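Now for the letters of each chain:
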Amino acid sequence: MLKEMSGFTGEYKGEWFNYPWYYNEIALNVITKKWRKFIELGTWRGHSICHLCFEIKKHTDDNIEIYTVDTFKPTSTSASCTPSNLKDICYKNIQRMGMENTIKVLECTSHEASLKFEDGYFDFVFIDADHAYERIKEDINDWLPKVKKGGIISGHDYAGEVNGVKKAVDEKFGNNKILKNVGIWEVAVK
Ligand SMILES: C[S@@+](CC[C@H](N)C(=O)[O-])C[C@H]1O[C@@H](n2cnc3c(N)ncnc32)[C@H](O)[C@@H]1O
């Protein structure tokens, strides 16, 4: 039985998570395209990955693999938003949702995480970790090969002014991307 997402309040809530409609759309692919393997880079408080898991589990529990990656340490672009108990907050959120056996949290950099998976492993990769230009470029180069044909690589904050997402995404994908609300960029892997 799924718990409702309403438990995310106060310090447990992820105000940055303004794209639940996008994850709802992504989760539908477990039905339409039989997607099973998902990863999010940049967990923060766990709100976004719990929402994705919640939506996926509405459709199926069959063979799903859901990963999320975070260092839980401050970076040049996230220092003011990284409380010392970030990791505890995240794990508590996942436990409160009863998703600790489904969501696999990888505590490492997104680059280190990329070395754990073979090419073509994932149906869906979402990039929302370090937003500095060099790091986004690295995430795209590390993770694009990990997406299987027919899958999607996408990310958040294309529209942000104080980060390198737009530059890195434009350089790599040019016109081969779709832009959606709240700074979501998306590329279908062929
Ligand atoms: C923008 S927040 C993620 C927000 C989350 N997806 C949400 O919508 O609520 C970025 C997160 O990425 C993590 N992070 C920063 N650099 C990272 C890296 N190189 N590898 C893994 N995680 C990183 C930070 O600790 C932070 O929690």
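Scroll up to find the structure this text is about.
So, how was this worked out
Counting restarts for each chain, with residues numbered from 1 along the sequence as it is written. Under the rules for a predicted model, residues below a pLDDT of 70 receive no local features and side-chain atom pairs below 80 are neither given nor counted, while totals for whole chains, interfaces and linings still include all residues. Strands are runs of DSSP state E lasting at least 2 residues, helices are runs of H or I lasting at least 4, and numbering of each runs from the N terminus. Note on method: radius of gyration uses C-alpha positions; expected globular size equals 2.2 Å times residues raised to 0.38. Comment: burial labels come from other C-beta atoms within 10 Å of the residue's own C-beta, placed from the backbone, where a count of 20 or more is buried, 12 or fewer is exposed, and between is partly exposed. If DSSP finds at least two bridges between two strands, the strands pair. With the strands aimed away from the viewer, a crossover counts as right-handed if its path from the first strand over the helix to the second runs clockwise. Residues are defined as contacting one another if the C-beta atoms placed from their backbone atoms lie within 7 Å. Under the definition applied here, buried Ala, Val, Leu, Ile, Met, Phe, Trp, Tyr and Cys residues are grouped into a nonpolar core through C-beta atoms within 7 Å. Axis definition: a line fitted to C-alpha atoms, over the contacting stretch in the case of helices. Angles run 0 to 180 degrees between N-to-C directions. Oblique is the label for any angle not covered by the other classes, which are roughly parallel (under 35 degrees), roughly antiparallel (over 145) and roughly perpendicular (65 to 115). The handedness criterion is simple: a crossing whose near helix is rotated anticlockwise from the far helix by less than a right angle is left-handed, and one whose near helix is rotated clockwise is right-handed. Any residue outside Ala, Val, Leu, Ile, Met, Phe, Trp, Tyr, Cys, Pro, Asp, Glu, Lys and Arg is labelled polar, Gly included; the first ten of those are nonpolar and the last four are charged.

> Describe the overall build of the protein chain, listing the residues and the values that go with them.
Each helix and strand counted, the protein chain has seven helices and seven strands in total. Overall, the protein chain shows an N-to-C arrangement of helices and strands of α-α-β-α-β-α-β-α-β-α-β-α-β-β. In terms of overall dimensions, the protein chain is globule-like: its C-alpha atoms have a radius of gyration of 15 Å, near the 16 Å expected for 190 residues. When its C-alpha atoms are laid out on the principal axes, the protein chain stretches across 40 × 40 × 30 Å. By the burial criterion, 39% of the 190 residues in the protein chain qualify as buried.

> Explain the pairing of strand E4 (residues 122-127) to me, and be specific about the residues and the numbers.
Taking burial as the measure, the six residues of E4 include six buried ones, the bulk of the element. Two elements, strand E1 (residues 37-41) and E4, share four bridges in a ladder whose sense is parallel. In the strand pairing of E4, Phe38 is matched with Phe124. In this region the chain leaves E4, passes through helix H6 (residues 133-143) and returns to the parallel neighbour strand E5 (residues 147-155); the handedness of that crossover is right-handed.

> Let's hear about the environment of Tyr67: which residues, and what values?
When you line up the elements, Tyr67 lands in strand E2 (residues 65-69). Discounting residues that sit within four places of it in the chain, Tyr67 has contacts with Ile39, Lys104 and Leu106.

> Give a description of the nonpolar core that names residues and reports values.
Soluble globular proteins tend to bury their nonpolar side chains together. With 45 residues, the main nonpolar core has Ile39, Leu52, Cys53, Ile66, Phe124, Val125 and Ile127 as its most contacted residues. Leu52 has contacts with Tyr23, Ile26, Ala27, Phe38, Glu40 and Ile66, leaving out every residue within four places of it along the chain.

> I'd like a description of the packing of H6 against helix H7 (residues 165-173), backed by residues and values.
It is the contact of H6 with H7, at a shortest axis distance of 8 Å, that shows an interaxial angle of 40 degrees. The angle between H6 and H7 places the two elements in the oblique class. Pair H6 / H7 crosses with right-handed handedness. Contacts between H6 and H7 involve Tyr133, Ile136, Lys137 and Ile140 on the former and, on the latter, Val165, Lys167, Ala168 and Lys172. In terms of residue class, the contact of H6 with H7 is built from five nonpolar, no polar and three charged.

> I'd like to hear about unusual backbone geometry, residue by residue, with values.
Although it is not a glycine, Asn63 adopts a positive phi angle of roughly 60 degrees. Residue placement: Asn63 occurs in the loop between helix H3 (47-59) and E2. Judged by the 9 C-beta atoms lying within 10 Å of it, Asn63 is exposed. With phi around 55 degrees, Phe72 is a residue other than glycine that occupies positive phi space.

> I'd like a rundown of the sheet that holds E4, residues and numbers included.
Taken in spatial order, the seven strands of this open sheet run E3-E2-E1-E4-E5-E7-E6, and their pairing is mixed. Either end of the sheet is taken by a strand with one partner, and the two such strands are strand E3 (103-106) and strand E6 (178-180). Taking the axes of each pair of neighbouring strands and ignoring which way they run, one obtains an average angle of 20 degrees across the sheet. Looking at chain direction, E6 and strand E7 (residues 184-188) are connected through three bridges and run antiparallel. Among the inter-strand pairings, Lys180 is bridged to a residue of E7, identified as Ile184. Sheet strands touched by H3: E1, E2 and E3. Its angle to E2, the strand with the most contacts, is close to 175 degrees.

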